[in-house]
Structure formats: C-alpha cells, structure tokens
Amino acid sequence: MKSPVDNMILENVSRRSVLKGLAAGTALVLAAKWDFAFGEEEDQPKPWGADAMPGGWVDDPNVFIRIDEDGLVTIINHRAEMGQGIRTSLAMVAADELGADWQRVNVEQAPGNHEKYGDQNTDGSRSMRHWFEPFRRAAAGARTMLEQAAAQQWDVPEDECQAGVHVVVHKPSGRELGFGALAQAARELPVPNRASLKLKSKEDFRYIGKQYGPHGDVTGDKVQRPLAIDGRDIVSGKAIFGADVGFENMLYAVFARPPVYGAKVGSLDKSEAMKVPGVVDIRTFDGIKEPGGFEPLGGVAVVAENTWAAIQGRAALKIEWDNGPAGDNADYDTSAFTEKLIERSKTPGEVIRSEGDIEAALSKAKTRVEAVYYMPHMAQAPMEPPVAIARVSDGRAEVWAPLQNPHAARESIAQRLNLKPDAVTVHVTLLGGGFGRKSKPDFAFEAIDLAKAFPGRAVRVQWTREDDLHHSYFHALSVDRLEAGLDDKGKAIGWRHRTLSPSISSLFEKGIKEKAQFELGMGFRTLPFNIPAVQLENPPAPAHVRIGWFRAVYNLPHAFAIQSFAAEMAAAAGRDHRDYLLELLGPARQIDPRSINEEWNYGENPDLYPIDVGRLREVVKKATAEAGWGKKLPKGRGLGLAVHHSFVAYTAVVFDVEVRDGGEVIIHSADIAFDCGPQVNPERIRSQMEGSCVMGIGIALQNEITFSEGRVQQDNFHQYELARMRHAPRVIRVHLINDDPEIAMGGVGEPGLPPMAPALCNAIFAATGKRIRRLPVGDQLV
C-alpha cells in the first residue's frame, strides 16, 4: 500500500499533527484523500524527528516562498536567527532547489504560528536536520509550478520545460521566461503532489554543501557565493534586534525582581522613585510560585518615558523582600551545596545503566582510579540581554522580541489575556545571542502584563546585564564521581559513574531531585566505552534556583567528567592518552540506543541515528593527526584531547596549550574534527565550531555563577568573566569529515561545545602535570 504521506499535497503538516487534530475534534480540510483508515494513535509507530515536534513540519511552497512580478524571491524563515546562520542556510536550501539567483533572494521572518509554519522552537540543534527536506520539497513544488505555468503559456508539454537560474527554459526552442513573468500564473496553480516531485541531485547543487575560498571546491565565477543574508545589515547597524524596535509614544520599563527564587515583595516605599523625572507609574506583581515554569519572577515594575528614567526610578525604590515562600532557597549557598553533593556522591543512587558486575571488577582491579569533578552554575549571558515590546489594543495583542520559541509565547499570551491565539501576533526579531536563555519567554510575559495597563501604547521591558545574570535560568551546578578499575596491563575492566545535578524538570514539577531521562541521555547513559563492567547512577540533587537550557545542556558536565577521567586512566596505566581513548572506545560498531535503555536519543529514530563508535574513532584520529599528536613540545606546553557524541553528531578537539610561570594560559592552536554527516553550509558549520571553541574556553577558564543566601554574587562581566581575545587560540583549524549524503544529518549548533573544556584541561595537565577537576580553572594555576 502507498504511504499515506505520499498522497497528501504539500500544504499538509505532519501525519502526527493530523492525528492529534482529529483526536481533538479539529476540523481539518485536506486537499487529497487518504487511502487508509485511521486507527488509535497509540497503535501508530512512535514518531521521531520533526514529526514528533509540536506543530510538526510543513512543506507548502505557498507558505515559505513568494515570487514577485519583478522576480524577487522571498523565502520565509520560521526559525530564530541568533548567529547560527539559519536564515541564510535555509534560504540557501530553498534557493538552490528552486533555481533562484542568490542576488535576487530576500528573507522574511515568520511570526510565531506553528499551525501555519510547523515547529518553530529553535533549540536542540535541529533546525537544519528537521527542515532540510521540507524546504527542499517546498522549493521543488514552487519550481514545478513555475514549469507548469511556462508550459501553459507556451502551450507545450510540461516535460519540455525546465527551470534554470531564475528562468524557465523551453528546451527544444531555447525560449526563456523569468520567474517574475511566471509568478502570477504559477500562484494560481494547485500545489503539486509530494510524490510527483523531482528533487535535484547533489551534482546539480549550486549552493548546498559548497565550500569557498581556501577551504573548498568553489572559486572564481563558477557560482555566486551566497553571503550571509543579514551580514551587511548587521555590520552596518541596520539589522533589527529586539532593542531596536521602537514606536511613537512608547513606554519603557524595568523590573526590580526578587533576589531569591520564590520570594515576593514584603513592603514597598515608592515615593522617591515617583519623584524621578520621567517616571510614569510603578506597579507590583506577585512573586512566582514553584514550580514556576516560564512565568515571570514578579516584583516591582517602574514604567517611564525612557529607559534611563526607569532605571533611576528602580534605584530609588525601597523594597523589603519576603523570602517566606522561597523556603530553603533563601539559604542556598553554592559552596555548602557542592560539599553536600560531593558527600552524597559517595553513596549509591538510582541505577541508570548496569552491565557486568561492577563490585567484582573494582575489587579485583590491579589499579583503582577515582576522581570527583565539579562544574558550576553558569548564565547564558547573551550579548543582547532580554528585551520585549508589547502592545494590547482592541482585543488584540502584539509582541516584538528576540525569542527562540515564539509559539510558546503566543499560546501563553493568549491564555493570559483570554484571547484566541489568532488575536496574538509574536514578531521575532534577530537575537543577539540565545544559548537557550531566549527559549524561555518570561520577559515577553512581563511586557504583555504591563501593556494591559496601558491600552494602545507600546511598552518595552528592558533587562540590564545585572538583571540577566541575577535572574537567569541557570545551567545546573554538577558533581560527578567516577571510579575505574584497571587490570595488570592497564586495561579498563570496571567503570562506575555517579552524576548529581538539579534538573530542568524542576521548573515544571515540584519535588524533582533526579535528572530527567533526556538529561541522562546527554552523554551519560550513552557512554560509548567498551568496558566489561559499567554502572551508571544518579543520586538526588534538588534545585534551589531556576534551572534551564544552556548550550549543549548536560552534555557539558558529562563530557568534562568522562573525558577528563579517561585521560586520568591513561596516565594511571602509563599509556598515551590518544591510544588509550581509542582502546576505551573499542572497535568500530554501532550501538542501538535502545539496547542501553536510551529511549530519547535527541528525539531521533535510533534506526537512523545509532551511536556510531566508528565515527567517534575517526574524529579522534583526524583531530590528533592534524594537531601533530606526539610531537615534541617545549617545557610548559602540552596537547590535550577530548571527544564527545551529542545532538547526533561527533566532535573531537586537540588543544596546544602553554602555561606560563604566573599561571597564564596561552592557547597556540585548536584542531577540531567534526562529523555531522551531510553538510549544507560548511562555512556556517566552521563558524559554529569556532564559536564553540571560544565559548568552551570561557567555560573552562572563567565562567561561574555563585549563590550566597539565595542571591547571585556576580553583577556584570567584571565578575562573570567571559573569554576575551587574549584567551582565544592563535589559530583554529576546523576539519569537516564524512559529508556522506547517505547518512542522516546531525546537529551543528551545540555538539562542538562539550569536548572543549576537558580537552583544554587535559592540555593543561600535559603542560604542567596539574589536574583540573573543578571548573573554572580560575587561579588554580597561579
């Protein structure tokens, strides 16, 4: 029987979304018949990938592609652009499949609406792997409609017409019609059946997968290089980020938020604040009740005629905070909490994975290796702090904000205002960095809550850097205890790993103390080592602050602990680290995640996305070969290695590090080998790896948020330090491998980050003989 998907025209969303709509009694109008009877949803195969995401996928050319009569092709981008280049990359895919001239391509940002555009939640490094095929089909559908329109105009068979570069050519006669001349007629044609589409072959691509200049295969005038769609506007200051949106008669607001998670306003004296010139109003909002989800923290809002007046008014407020509802959050001290977790790590936790007899293996080991690793809280600290502009008028609401998940904002705003979602428009601006922080739309809710009080006027809520650091959704503090047993030849025979971190799930359910399944699936349960006895445990760790997504999430502490410990095992065995790591990985093989009870697998089908140890081995070999592993280096200088699998991609990195007498770390080079499978925009992949490298250096050397009495101790970048130019490697070499179109596409935005910190710390050990088990390095080398 034919697949029912093949019988749907392109405008339909994913099959799972259709099923869910029918189950809810939603009236759906399909333009094609289904040739099978619906069963119960639980009888259907488990959905994976884009099909499992809220909103599913859409491949309707009329949704994503518009062609004007002057030939301008506008491609609708529905994913958030925060520096990863997705506005350019998805446009490249559509333009290439369509046959558009890049110089005549424009990109327009979609508002939040996943019923129309499909899933818009830009996280999980999934934008390209989930939308490469839908965008190709949408563009192929548009190309087919242009060819059909040309055939009708010339009164010739359709198969005699073929799209070239921004024109359709009648092959027998050589006649041409431009896309613009055909646009109106093409728009009136029905969208072609998905099964009838002919996608281009790799050999016919002009943009997809091409590498330019010193890295690749396209030079000279062979093809117009697709430059970043927003590049010129960004460097010239014309690009519109959240804080660039403005309206006549707009109000500006800042919040004084409770310094302790769950606290509320006890008493307020606003008399001095109201005397500040420009202050218009001061309003109090209830504190958050745990679990808080994406709700605002509450507090006191100062509304003014400009941002400066609002900030000065806030400074004049006299507030006494009531920490009563916060409970023991008011006593939260990261130093004391860390010591508790270290002590707790000595006792068993929930067993997550067990193979062989770990106690027997450790007891008979010739050598025992044990270490405890620590990673602190961190804030995403995007260069653009959160900001949102809202306006409520005549039963409608609009928001302009740099949001990673605009649909979540739209749905919640509709509920807050008792409106239908169609009455809410969420405009997505460019994001000046995201890193997971802007997946949480609390700042947009603050703006909409204030805008209700000023009907018809736009209200902008601006966060300062201090607000951002004090009230983030923090990366979880983590403690990892590892033990290994080695035989008389130094070979690993037993491995026990206990990981302790507060869970993101604590945002949504009270009393959560263990990591969620998806968090355990980030490099912990999925340990790829070939060791006879393995036991992985998860002792409890409660949350006392808002825990949220941070680029690469729990892969960071897991990779830091595992890859640092592998290097310690190599040293204990008297072996070369690279050779020992390859031995730990074992022979090239594919691990079915289900065989180790890993059901999440980054949301991807394990049949398409097994854990491929062969690919892990190859990135290790490539990075070490390019770095000259084993070469003789002067005293105080060393090479460090780490490898990690995350977001269904594979990364290895080697740092060449020098540590000077005063403890200064000089990074001479970084060699990064990366395998994400098929490569759509290699230049952006390289950029993501370079960015991961610099961000990972900051995580290793500097980033740390601490709490005392429930309050963040860092105010700005003089205390929450980031990597600066002097910390960056003198040279970063990115080696992209395995561009195999036959394998499934992996993620790019996050998988480069996890191995950076352990590789750098391993290099520090190679240079100095000092182990780094606690991040950040800080002054440990002084």
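Not measured: the values here are computed from a predicted model.

Undergrad: Explain the overall build of the protein to me, please; I cannot follow it from the model alone.
TA: Tallying secondary structure elements over the protein gives 20 helices and 28 strands in all. A compact globule built from 782 residues should have a C-alpha radius of gyration of about 28 Å, and the protein, at 27 Å, falls within 12% of that. Reported as C-alpha extents along the three principal axes, the dimensions of the protein are approximately 85 × 70 × 55 Å. The buried share among the 782 residues of the protein stands at 61%. Contacts spanning at least 24 positions in sequence make up 77% of the contacts within the protein whose residues lie at least 6 apart. Of the accessible surface of the protein, which amounts to about 30500 Å², a share of 48% is contributed by carbon and sulfur atoms. For the protein, the separation between the mean place of its 91 positive charges and that of its 104 negative charges on side chains is 3 Å.

Undergrad: Explain the side chain of arginine 481 here, please?
TA: On the secondary structure map, arginine 481 appears in strand S18 (residues 478–486). Polar side-chain contacts of arginine 481 include one of 2.8 Å to the side chain of glutamate 370.

Undergrad: Any chance you could explain the nonpolar core here in plain terms?
TA: Side chains that are nonpolar tend, in soluble globular proteins, to be buried together. With 151 residues, the main nonpolar core has Ile413, Trp495, Phe529 and Phe655 as its most contacted residues. Beyond its immediate stretch of four places on either side in the chain, isoleucine 413 contacts Ala397, Val399, Val424, Val426, Phe445 and Ile448.

Undergrad: Is there a simple way to explain helix H18 (residues 613–627) in this structure?
TA: Residue pairs three or four apart in sequence face the same way in an α-helix, which turns once every 3.6 residues. For H18, spanning 15 residues, the distance from its first C-alpha to its last is 21 Å, which sits close to the expected 21 Å at 1.5 Å a residue. Of the positions making up H18, those classed as buried are Val613, Gly614, Arg615, Leu616, Arg617, Val619, Val620, Ala623, Thr624 and Ala627. On its buried face, H18 is in contact with helix H17 (577–585), strand S21 (590–591), strand S22 (611–612), strand S23 (637–646), strand S24 (649–659) and strand S25 (665–675). Sitting at the amino-terminal end of H18 is aspartate 612, which places a side-chain oxygen 3.0 Å from the backbone nitrogen of glycine 614. Residue glycine 628 follows H18 closely and has a positive phi angle near 75°.

Undergrad: Just checking my understanding: could you explain the pairing of strand S10 (residues 299–304) for this structure?
TA: Consecutive residues of a regular strand have side chains that alternate between opposite faces of the sheet. When you tally the buried positions in S10, you get six out of six residues, the bulk of the element. The pairing of strand S7 (residues 251–256) with S10 spans five bridges and is antiparallel. In the strand pairing of S10, tyrosine 252 is matched with alanine 304. Pairing between strand S9 (residues 279–285) and S10: six bridges, direction antiparallel. Its bridge partner being in S10, valine 279 is matched across the sheet by alanine 304.

Undergrad: Explanation requested: the side chain of histidine 170 in the structure shown.
TA: Tracing the chain through its elements places histidine 170 in strand S5 (residues 167–170). Given a relative accessible area of 5%, histidine 170 falls into the buried group. When sequence neighbours within four positions are dropped, the list of residues in contact with histidine 170 reads Trp154, Val156, Glu160, Cys161 and Arg175.

Undergrad: Sorry, what's going on with the environment of glutamate 81 here?
TA: The residue glutamate 81 is located in the loop between strand S2 (73–77) and helix H3 (86–98) in this model. Separated by 372 residues in the primary sequence, glutamate 81 and alanine 453 place their C-alpha atoms 31 Å from one another. With residues near it in sequence (within four places) discarded, glutamate 81 still touches Ile86, Arg87, Thr88, Asp230, Leu430 and Leu431. Within the structure, the side chain of glutamate 81 is placed 2.8 Å from the backbone nitrogen of glycine 83, a separation counted as a polar contact. Separated by 3.2 Å, the side chain of glutamate 81 and the backbone nitrogen of glutamine 84 make a polar contact.

Undergrad: Got a minute to help me understand the pattern of salt bridges in this structure?
TA: One side chain can pair with another of opposite charge once the charged atoms of both are near each other. The full count for this structure, using the stated rule, is 45 salt bridges. The partner of aspartate 592 in a salt bridge is arginine 594, and the shortest N-O contact between them spans 3.0 Å. Judged by relative accessible area, arginine 594 falls into the partly exposed class, the value being 34%. Here the salt bridges share partners, and the residues they tie into one network are Arg257, Arg314, Glu446 and Asp467.

Undergrad: Would you mind going over the packing of helix H16 (residues 555–573) against H17 with me for this structure?
TA: Each pair of packed helices can be described by the angle between their axes along with the distance between the axes. Where H16 contacts H17, the axes come no closer than 9 Å and their chain directions differ by 110°. In terms of orientation, H16 and H17 fall into the roughly perpendicular class. Crossing of H16 against H17: the hand is right-handed. Of H17, the residues touching H16 (which contributes Gln563, Ala566, Ala567, Met569, Ala570 and Ala573) are His577, Tyr580, Leu581 and Leu584. Along the lines of polarity and charge, the residues of the contact of H16 with H17 split into eight nonpolar, two polar and no charged.

Undergrad: Please clarify how the sheet that holds S9 should be interpreted in this entry.
TA: The sheet built from seven strands is open, its strands ordered S9-S10-S7-S17-S14-S15-S16 with mixed pairing. The sheet terminates laterally at S9 and strand S16 (424–428), the two strands that pair on one side only. The average undirected angle you get between the axes of adjacent strands in this sheet is 20°. Where helix H12 (residues 406–417) meets the sheet, it contacts strand S14 (387–393), strand S15 (396–401) and S16, and its direction lies at approximately 150° from that of S16.

Undergrad: I tried to follow the sheet that holds strand S6 (residues 176–178) on my own but got confused; where do I start?
TA: Whenever strands of a sheet pair, they do so through backbone hydrogen bonds, lying parallel or antiparallel. Ordered by their spatial adjacency, three strands build an open sheet running S4-S5-S6, and the pairing between neighbours is antiparallel. Since the sheet does not close on itself, it has two edges, and those belong to strand S4 (161–163) and S6, each with one partner. Across the sheet, the mean angle from the axis of one strand to that of its neighbour is 20°, orientation sign disregarded. For S4 and S5, the ladder comprises three bridges, and the chain directions are antiparallel. Looking at S5, one finds that cysteine 161 is bridged to histidine 170. Contacts between helix H6 (residues 179–187) and the sheet are confined to S4, S5 and S6, with S6 contributing the most and set at about 75° to the helix.

Undergrad: Even after reading the chapter, I still don't get the packing of aromatic side chains, so can you show me in this structure?
TA: Aromatic rings considered in pairs are described by the distance between their centres and by the relative angle of their planes. Going through the model one piece at a time under the given rule, you end up with 19 aromatic pairs. With centroids separated by 6.1 Å and ring planes inclined at 55°, the aromatic side chains of phenylalanine 294 and tryptophan 549 adopt a geometry described as tilted. Of this pair, phenylalanine 294 sits in the loop between S9 and S10 while tryptophan 549 sits in the loop between strand S20 (533–538) and H16; the two residues are 255 residues apart in sequence, bridging distant segments of the chain. A residue is classified by how much of its surface remains accessible, and tryptophan 549, at 22% relative accessible area, is partly exposed. Taking 5.8 Å as the distance between ring centres and 70° as the angle between the ring planes, the aromatic pair formed by phenylalanine 518 and tryptophan 600 counts as edge-to-face.

Undergrad: Please explain the confidence of the model for the protein as it appears in this structure.
TA: A low pLDDT means the predicted coordinates there should not be read in detail. Put simply, the protein has an average pLDDT of 93, and 92% of its residues get 70 or more. The low-confidence segment residues 1–41, where pLDDT is below 50, has 72 contacts with residues more than four positions distant or belonging to other chains.

Cut-offs applied
Residues numbered from 1 in each chain as written. Predicted model: local features only at pLDDT ≥ 70, side-chain atom pairs only at ≥ 80, totals over all residues. Heavy atoms only, no water. Helix = DSSP H or I, 4+ residues; strand = E, 2+ residues; numbered from the N terminus. Rg over C-alpha atoms; globule rule 2.2 N^0.38 Å. Buried < 20%, exposed > 50% of the residue type's maximum accessible area, 1.4 Å probe, protein only. Contact = heavy atoms within 4.5 Å. Areas by Shrake-Rupley, 256 points an atom, 1.4 Å probe, with all protein chains shown as cover. Lys, Arg positive; Asp, Glu negative; His and termini not counted. Charge placed at Lys NZ, Arg CZ, Asp CG, Glu CD. Polar contact = N/O pair within 3.5 Å; in protein donor to acceptor, adjacent residues only side chain to side chain. Core = buried A, V, L, I, M, F, W, Y, C linked by side-chain atoms within 4.5 Å. Expected span 1.5 Å × (residues − 1). Pairing = 2+ DSSP bridges. Salt bridge = Lys/Arg side-chain N within 4 Å of Asp/Glu carboxyl O. Axes fitted to C-alpha atoms, helices over the stretch in contact; angles between N-to-C directions. Parallel < 35°, antiparallel > 145°, perpendicular 65-115°, else oblique. Left-handed = near helix turned anticlockwise from the far one by under 90°. Nonpolar A, V, L, I, M, F, W, Y, C, P; charged D, E, K, R; others polar. Phe/Tyr/Trp six-rings, centres within 6.5 Å; stacked < 30°, edge-to-face > 60°. pLDDT = per-residue confidence, 0-100.

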